[in-house]
Amino acid sequence: MKTIEILEREHEWIGWMDECLEALVASAQAEDLLPEAAYELLSLYESFADGRHQDKEEGVLFPELLAAASDQDCEVLRKLLSDHGAERRHMVAMRGNVLGAVHGQSANVQGFVREASAYLSLHRGHMLRESEILLPMVARLLMPGADERAAEGFAAVEGGPGDPHGLREQILTLHRRAGLPRPPAA
Ligand SMILES: [Fe+2]
Ligand SMILES: [Fe+2]
């Protein structure tokens, strides 16, 4: 199914971003300094992971699923939406701390560490819920026509074909700069 293929690919890339964030948190903790890569990674979360990716889920996929969802399915979708809201709140707090850390404020570095750690723990649970519950729900509920419609909706969120190869390379570059080994699937 097209939607599952797209979401699985994006989840894999977002997983690499989480590995980068975890490495940056460890480095910020050890050196009491925000690594430079934090700015680029945070912008990537805001535009892609917590941006277009969530827009695709919330604005395109979930409405398609709701048409055929049981009460239990709706409960799962509500939980995922509430995760997204909490993730965005951590993201806003991280951004505030990044701005403070530019001026060398140690309290902001620690604030970033705290918010990023909370985000990571929430986000990893969220990704697990999506791969173990949401994607099987998509396979069960989305008819071929709806799958096609959702894939077109995803492309509309991107505002055109986009540059998925460029995005993937940008994430892998950040991953490498964080000192992480190349992911086996990359
Ligand atoms: Fe997702
Ligand atoms: Fe999500």
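Residues numbered from 1 in each chain as written. Chains lettered and ligands numbered in written order. Predicted model: local features only at pLDDT ≥ 70, side-chain atom pairs only at ≥ 80, totals over all residues.

Engineer: Help me out: how do you make sense of the overall build of the protein chain in this one?
Structural biologist: The helix and strand inventory of the protein chain stands at six helices and zero strands. Reading the secondary structure of the protein chain in the N-to-C direction produces α-α-α-α-α-α. On C-alpha atoms alone, the protein chain measures out to a radius of gyration of 17 Å, which is about the 16 Å that the 2.2 N^0.38 rule sets for 186 residues. C-alpha atoms of the protein chain, sized along the principal axes, occupy 55 × 35 × 30 Å. Nonlocal contacts in the protein chain, meaning residues at least 24 apart in sequence, comprise 80% of its contacts between residues at least 6 apart. (Helix = DSSP H or I, 4+ residues; strand = E, 2+ residues; numbered from the N terminus. Rg over C-alpha atoms; globule rule 2.2 N^0.38 Å. Contact = placed C-beta atoms within 7 Å.)

Engineer: Looking at this structure, I do not really get the environment of Pro-136. What am I missing?
Structural biologist: Counting through the fold element by element, Pro-136 comes out in helix H4 (residues 106–141). By the C-beta count within 10 Å, which is 11 here, Pro-136 ends up exposed. Taking the C-alpha atoms as reference points, Pro-136 and Ala-156, 20 residues apart in sequence, are found 24 Å from one another. (Buried ≥ 20, exposed ≤ 12 C-beta atoms within 10 Å, placed from the backbone.)

Engineer: In this structure, what is going on with the packing of helix H2 (residues 37–66) against helix H6 (residues 164–177)? I would like to understand it.
Structural biologist: How two helices sit against one another is set out by the angle between their axes and by the gap between those axes. For the pair H2 and H6, the least separation of the axes is 11 Å and the interaxial angle reads 145°. The chirality of how H2 crosses H6 is left-handed. Residues Ala-37, Glu-40, Leu-41, Leu-44 and Phe-48 of H2 form the contact with H6, whose own contacting residues are Leu-167, Gln-170, Leu-174 and Arg-177. Class assignment for the residues of the contact of H2 with H6 results in six nonpolar, one polar and two charged. (Axes fitted to C-alpha atoms, helices over the stretch in contact; angles between N-to-C directions. Left-handed = near helix turned anticlockwise from the far one by under 90°. Nonpolar A, V, L, I, M, F, W, Y, C, P; charged D, E, K, R; others polar.)

Engineer: What is the right way to read the nonpolar core from this model?
Structural biologist: Nonpolar side chains tend toward joint burial in soluble globular proteins. Counting residues in each nonpolar core, the largest one holds 25 residues, and the members touching the most others are Leu-24, Ala-28, Leu-34, Leu-41, Val-98, Phe-112 and Ala-116. Secondary-structure elements contributing two or more residues to this core are helix H1 (2–31), H2, helix H3 (71–102), H4 and H6. It is H1 that contributes the most residues to this core, eight residues altogether. Once residues within four sequence positions are removed from consideration, Leu-24 is found in contact with Pro-35, Ala-37, Ala-38, Leu-41 and Ala-178. Judged by nonpolar contacts, the second largest core, of seven residues, contains Leu-61, Leu-65, Ala-150 and Phe-154. (Core = buried A, V, L, I, M, F, W, Y, C linked by C-beta atoms within 7 Å.)

Engineer: Honestly, the confidence of the model for the protein chain in this entry has me stumped. Any pointers?
Structural biologist: As a general rule, the predicted coordinates of low-pLDDT regions are not to be interpreted in detail. With 100% of its residues at a pLDDT of 70 or more, the protein chain shows a mean pLDDT of 93. Element-level pLDDT for the protein chain is lowest in H6, with a mean of 93, against a maximum mean of 96 in H4. (pLDDT = per-residue confidence, 0-100.)

Engineer: When you look at H1 in this model, what are you seeing that I'm missing?
Structural biologist: Since the α-helix turns once every 3.6 residues, residues separated by three or four places project in the same direction. The first and last C-alpha atoms of H1 sit 44 Å apart over 30 residues, in line with the 44 Å expected at 1.5 Å per residue. Turning to H1, the residues buried within the fold contact H2, H4, helix H5 (144–158) and H6. At the C-terminal side of H1, Asp-32 shows a positive phi close to 55°. (Expected span 1.5 Å × (residues − 1).)

Engineer: Looking at this structure, how should I read H6?
Structural biologist: Across its 14 residues, H6 extends 20 Å between first and last C-alpha, which sits within 8% of the 20 Å expected from 1.5 Å per residue. Within the sequence span of H6, burial applies to Ile-171, Leu-174 and His-175. All buried residues of H6 lie within an arc of 105° about the axis, which places them on one face of the element. Facing away from the buried side of H6 by more than 90 degrees, the exposed set consists of His-165, Gly-166 and Glu-169. Gly-179 sits one or two positions beyond H6 and adopts a positive phi of about 80°. (Arc of directions from axis to C-beta.)

Engineer: Would you explain the environment of Trp-16 in this entry?
Structural biologist: The topology assignment puts Trp-16 in helix H1. For Trp-16, a count of 20 C-beta atoms within 10 Å translates into the label buried. Note: C-alpha distance between Trp-16 and Pro-183 (167 residues apart in sequence) is 7.6 Å. Apart from the residues lying within four places of it in its own chain, the contact partners of Trp-16 are Ile-171, Leu-172, His-175 and Pro-183.

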